[in-house]
Amino acid sequence: MRLRGESTPEDNEMEDGDVINAMNTQTGGADAGPATEVVKAEHLNLKVESSDGTQVSFKIKKATPFEKLFNAYAQKIGSDRNSIRFSFDGVRVEGHQTPESLEMEEEDVIHATVHQVGGCISVA
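The name an unreviewed UniProt entry gives the protein chain is Small ubiquitin- modifier 1, with Clydaea vesicula as the organism.

Here you go:
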C-alpha cells in the first residue's frame, strides 16, 4: 500500500505496532548511476613541466584559479612569475582560468616556458 501525505493511520486501518517501510525515489533528472560515479574528486594532481623536462607536481582544487598554482611554481623554481608563460594542449593558460574550465583530468601536464624580460648585452 502506498501512503499519501494527507492520510491518517485510521484512514489506512493501521494498528499499534504496524511498521511503515519508506524508500526514496527519484522524481526527475537523469539516472545518476551508482553513488561512486556521482561523487567527483574535488582535487586534481597536475604537473608543471619546464622546457628542460623537469616536472613539479601540484594538488589543486578544480575550482581554484591557476594564478595560485603559477605563483607557487615560480617560487619553487626561484623565478619571477611574470617571466613564465603557461600552456595546456598548446593554448596559453591565464591566471583566472581553472582546471575545471579547461576540463583538465588527473595527471594532466601544464607546460611552462621562461621568457627573458628586458635586459641587454653590452659589448666593449
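The structure having been displayed, the exposition proceeds.
With that settled, consider the sheet that holds strand S5 (residues 109–114). Note: strands within a sheet are paired through backbone hydrogen bonds, in either parallel or antiparallel orientation. Taken in spatial order, the five strands of this open sheet run S2-S1-S5-S3-S4, and their pairing is mixed. Each edge of the open sheet is held by one strand with a lone partner, namely strand S2 (55–61) and strand S4 (91–92). Bridge count between strand S1 (residues 43–50) and S2: seven bridges; the pairing is antiparallel. Looking across to S2, one finds that Leu44 is bridged to Ile60. On the sheet, helix H2 (residues 66–77) packs against S1, S2, strand S3 (84–88) and S5 and is oriented at approximately 150 degrees with respect to S2.

The next thing to look at is the environment of Thr113. In this fold, Thr113 is placed in strand S5. The residues touching Thr113, leaving out its near neighbours within four places in the chain, are Ser83, Ile84 and Arg85.

What follows concerns the pattern of salt bridges. Two side chains bearing opposite charge may form a pair once their charged atoms approach each other closely. Evaluation of the coordinates by the stated rule reveals four salt bridges. Between Lys61 and Glu42 there is a salt bridge, with the nearest N and O atoms lying 3.7 Å from each other. On the criterion of sequence distance, the pair formed by Lys61 in strand S2 and Glu42 in the loop between helix H1 (35–38) and S1 is long-range, its members being 19 residues apart. Residue Lys61 is classed as partly exposed on the basis of its relative accessible area, which comes to 39%. Note that Glu67 is salt-bridged to Arg81, the shortest N-O span being 3.3 Å. Of this pair, Glu67 sits in helix H2 while Arg81 sits in the loop between H2 and S3, and the two are 14 residues apart along the sequence. Judged by relative accessible area, which is 19%, Arg81 ranks as buried.

Reading the values: the criteria
Residues numbered from 1 in each chain as written. Predicted model: local features only at pLDDT ≥ 70, side-chain atom pairs only at ≥ 80, totals over all residues. Heavy atoms only, no water. Pairing = 2+ DSSP bridges. Helix = DSSP H or I, 4+ residues; strand = E, 2+ residues; numbered from the N terminus. Contact = heavy atoms within 4.5 Å. Axes fitted to C-alpha atoms, helices over the stretch in contact; angles between N-to-C directions. Salt bridge = Lys/Arg side-chain N within 4 Å of Asp/Glu carboxyl O. Buried < 20%, exposed > 50% of the residue type's maximum accessible area, 1.4 Å probe, protein only.

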